[in-house]
Structures are given as C-alpha cells and as structure tokens.
Amino acid sequence: MRYSLALLGLPLAVSLLGGQPVSGARPASAAELQTLLDTRVRIGLNPGIVAALITPAGRIAAVAGEAKSTDGKPLSATTVFEIGSITKIVTGTLFADAIRRGEVQETDRLAAVMPEFTFPTKGEQITLLDLATHRSGLPSFPVGHTPPDPLDPWSQLDSAVLARGFAAGPLRFTPGEKAEYSNVGAGLLGRVLVRRAKQPDYESLVRARFAGPLKMRDFSVTVSPAQRARKAVGHRSGTIPTSDWQIPYLAGAGAINSTLDDMTRLAAACLDTTNGPLARAIRDAQRVRRDFQGPMKIGLHWVSLPRPDSSAIVWHNGGTGGFRTWLGCNHRTGVAAVVMTNSDQGVDDIGLHLLDPAIPLSPPKPKPVRIAVAVDSATVEQLVGAFQLVPEMTFTFSREGSRLFVTPTGQPKYEVFAESTAKWFLRVVDATIEFERDSTGAVTGLWYQQGGPRQRAVRIR
C-alpha cells in the first residue's frame, strides 16, 4: 500500500492476480458495459463515468451520469477529463521516441542534462532510466513545499521549490536500488525531453510528437475556452465539487486533459505496436526494463501486470483532485480499455475487469456521508505531534486554533476533520484516522485506513 494523498496516479489496488487464464475470456458486451457504469453512478460513487472497450470484433463505448460542465451538455465522448498519471506513459513513449532520434540515452545522467540543480547526496547518479522506472530516489512530492491551496497542490511548484527540496537532504535511497513511485522524477524526465527536443514546453512536445501523429484533437495541457466549457466538474469524496489541478512545471507527471474519443485512440495505439504512427516508440516504451511492485514489471512508465496464461496487461492509471482514469491493453487477446470518471473514487477494477473478466470488480458500496463535529482546541492540542506509520512515512499533525492538519512525509498539509474526539477523517482522500490513548489518557498512537486494512502508527514525538 502507498500512503500518498497528493499522487497523480497508480494507487495499486491490484491484489487481483488470481483467476483463470485470460486467453479465452469473453469481453464485455455493450449492454454489460452500460450496466456496469450505470451501477457506479446509481450508488453515488461516480457523478459521471465513461468507458470504451476495443476488441478484435470492434469497439464499444458507454457513458453514465453527468458531466456538470459549464456548457450544460450531457456527458459524452467529447467531455474533457483530467487524465492525471496516464500522462506518464505519454512521457515514457516520448522518451523512447527521443532515444530513437538520438536526442537522449537511457544511461544519460540527470545532473548532466539539468546542471542548474544541485542534487541531493548521490543525486548525480540518477539516470534517465531511473526516472522512467521510479528508481531515482526522488520523492513523490517536493520536500518542504506546502502549497498555498492544498486542493491544487502542484500549481505553485517551480524550479526554486525543487531546488529547495533537493537542498533539504539526501535522496530517499540510492538510485536504482528499488522502486518507489515519484511524480517529481517523472516530471523532471518530461523537462529533459523538452530541453533535448528544443521545444518551448511540454505541451508543444506532446502536440508535435504524440497528439498530432495520433490525431488527438483534445489532448492538451492547457485547456482552451471551448474545451473548458466541455470539461467535467471533478469531485472529491465522490460527491463534493472540487477545483481543477494545474501542473505547469512538472507537466510530464500528470498535466494532460483529454476526452473519451482521444483516449480511445490512445487505447488502440497501446495495441498497435506494428503499423501505427507511434508503433515503434510505444513498443519500445512498453518493453519491460525492471521489476516494479510485487509481480509487476515496468518499461518506460508503462506498467506490466502478468496474467496466468503468460500474457500481460500493460497499463497505467491516473488521479487528480477530482478525477480518476485507467488505460490498458493485452496484446495476446487484442483487447484494450479506457475508463474515466469525474470523481476521486477509482476505476482501476473496472479497467482490469474489462481486459480480464477473471479479475473481479470491487464490490460497489454506497459512499457514507461523513459529518464533521466541533472539537475544542485543548483536545486538538493533544493530537499535535509525529506518528510513524512505516520507516519512510511519518504523519506530522499541527494545529491552527481548533482545526487539525496532517503533513505526510514529502507531501502537502491537509486538514483533518473530526467525527468524534478519537475518530477523524480526510476529505482529499477516503481515509480514516483513529487516535489511541494509554491508561493515563495520553495519545500514544493512531490507526490509519485508506482503502485497505488498518495500519498502526506509533507516536515518536
């Protein structure tokens, strides 16, 4: 499990590796896909949700719910969504393309390409391959940066913020030593590719070498007025409208907006590694380079999930403040899928199930309404301190009057809300914190739960 609140994607809820071989699995029908999406909307998990499935027999698509866009039009295949970390497979494919063009190599050192930064201890060892396989040792969110708006945590991040974070301490581990998801690393890779391609910015690079060749009209970092009118309203906690995310400096980590129409083109390109306009680059980017997490492997940001018939689902997901997305394909079965929602309630299980029905859907459960209660400042003061969940993750609690805030290691500060004096919750993610006390009443630890089993954190100060 990863304990991230500000990540752009890959919340790996994939303990779903069992089941029968996928080679003879029957893809969902149009009616089954529509029923699946309707169910998610009906129980209140997703205000709006769209999906497409590509099979050897053809393509099907479905939409359910509402976009709540400013143009007032129904949710459709041209509604604009934030795709979050699916942007990373774009960056990975552009990396493979840049290697083919002779602009970069996997072994190039980040410090040599971006000498304006003084990297942390051992930072000079980071290669571009380390960035593309999450083995750089860089944090997921810049160290020491507290965004002015926690609901738009990346908008004020720039080179100065990164430089301060790099100067704050050593890397989390020696580059290449292990895999740990890093938005900072992915974003820096995007900046390297822009520099070596001599493009003005990441969006220009994407338009010239990715969206243009694939004929994707709404695949962009910057949202035009016409696209903004078609953009769905994102929701946190499944139901609360929230602001869009802006990711100008580390755009290659998760800044792209897109539609189901365009994402269906990308899903088809995921399968076409022979004849398509980006076939060679996508094939090279999908090729496994290293172990990733559990049984999964990773290419240049494309994640590979092995299946019992020796095939693999090649995929990535995305998540921003109010959106979740999933895209993947299986070359052996010739099936690809994309799912997008204007909610922070994930769709990974839908995408995986569409590619392999042996992978079960998560049991749909209506989202409970959580009501915050007032707690006096003296009680809140007793919760101020640091609690270590695992060696690499500490929750540090602070107080502003009678309001409680938590700052996870390497992440922004978020407000925590009380259901009682002992039980608290977050609204940026579906997470619960329960404080425990000893016989004297002193707070000695907490239990944290975010989508899986409860985990205990011990108070360290």
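Residues numbered from 1 in each chain as written. Predicted model: local features only at pLDDT ≥ 70, side-chain atom pairs only at ≥ 80, totals over all residues. Heavy atoms only, no water.

Visitor: Go over the overall build of the protein chain, please, and point to the residues and values.
Guide: Along the protein chain, the regular secondary structure elements total twelve helices and 20 strands. Its C-alpha atoms give the protein chain a radius of gyration of 22 Å, near enough to 23 Å, the size a compact globule of 461 residues would have. For the protein chain, buried positions account for 56% of its 461 residues. Taking as baseline every contact in the protein chain between residues at least 6 positions apart, the subset at least 24 positions apart corresponds to 64%. When the accessible surface of the protein chain is totalled, it reaches about 18,100 Å², and 51% of it is carbon and sulfur. The centroid of the 51 positive side-chain charges in the protein chain is displaced by 2 Å from the centroid of its 41 negative side-chain charges. (Helix = DSSP H or I, 4+ residues; strand = E, 2+ residues; numbered from the N terminus. Rg over C-alpha atoms; globule rule 2.2 N^0.38 Å. Buried < 20%, exposed > 50% of the residue type's maximum accessible area, 1.4 Å probe, protein only. Contact = heavy atoms within 4.5 Å. Areas by Shrake-Rupley, 256 points an atom, 1.4 Å probe, with all protein chains shown as cover. Lys, Arg positive; Asp, Glu negative; His and termini not counted. Charge placed at Lys NZ, Arg CZ, Asp CG, Glu CD.)

Visitor: Got a sec to walk through the sheet that holds strand β2 (residues 58-65)? Specific residues and values, please.
Guide: Within the open sheet, the eight strands sit side by side as β2-β1-β12-β11-β10-β9-β8-β7. Their pairing is antiparallel. Whereas interior strands pair on both sides, the edge strands pair on one side only; in this sheet they are β2 and β7 (290-291). Of the strands in this sheet, β1 (48-55) and β2 touch helix α1 (residues 30-42), which is tilted by about 20° from β2. Where helix α11 (residues 348-355) meets the sheet, it contacts β1, β9 (303-306), β10 (312-319), β11 (324-330) and β12 (335-341), and its direction lies at approximately 160° from that of β12. (Pairing = 2+ DSSP bridges. Axes fitted to C-alpha atoms, helices over the stretch in contact; angles between N-to-C directions.)

Visitor: Quick one: what's the story with a positive patch on the surface, residue by residue and with numbers?
Guide: A cluster of basic side chains, namely Arg59, Lys215, Arg217 and Arg265, defines a positive patch on the protein surface. You can see Arg265 is positioned in helix α9 (residues 260-271). According to the relative accessible area criterion, Arg265 is partly exposed, its value standing at 40%. (Patch = residues over 30% accessible without salt bridge, like charges linked within 9 Å, V, L, I, M, F, W, Y side chains within 5 Å. Salt bridge = Lys/Arg side-chain N within 4 Å of Asp/Glu carboxyl O.)

Visitor: Tell me about the pairing of strand β20 (residues 455-459), residues and numbers included.
Guide: Sheet analysis places strand β13 (residues 385-390) next to β20, joined by two bridges and oriented antiparallel. Note that in β20 the partner of Gln388 across the bridge is Val458. Bridge count for strand β19 (residues 443-449) against β20 is four bridges, and the pairing is antiparallel. When the bridges of β20 are listed, Trp447 appears paired with Arg456.

Visitor: Just give me the short version of the state of the cysteines, but keep the residues and values in it.
Guide: What the rule picks out here adds up to one disulfide. Here Cys270 pairs with Cys329 through a disulfide, and the sulfurs are 2.2 Å apart. Sign of the S-S torsion, about -70° for the bond between Cys270 and Cys329, identifies this disulfide as left-handed. With Cys270 in helix α9 and Cys329 in strand β11, the pair connects residues that are 59 residues apart, well separated along the chain. (Disulfide = S-S within 2.5 Å.)

Visitor: So what's going on with the sheet that holds β19? Residues and values would help.
Guide: Ordered in space as β13-β14-β15-β16-β17-β18-β19-β20, the eight strands form a closed barrel in which the pairing is antiparallel. Taking the axes of each pair of neighbouring strands and ignoring which way they run, one obtains an average angle of 30° across the sheet. Pairing analysis gives three bridges linking strand β16 (residues 414-418) to strand β17 (residues 423-426), with the strands arranged antiparallel. Considered in β17, the bridge of Val416 is made with Leu426.

Visitor: I'd like to hear about the nonpolar core, residue by residue, with values.
Guide: Formed by 77 residues in total, the largest nonpolar core has its most connected members in Leu188, Phe210, Phe219, Leu266 and Leu327. Among the elements that take part in this core, α9 stands out by supplying eight residues, more than any other. Contacts of Phe210, omitting those with residues within four sequence positions, involve Val90, Thr93, Leu94, Leu205, Met216, Phe219, Leu266 and Leu278. Counting residues in hydrophobic clusters, the runner-up holds 26 residues, among them Leu36, Ile298, Trp315 and Val347. (Core = buried A, V, L, I, M, F, W, Y, C linked by side-chain atoms within 4.5 Å.)

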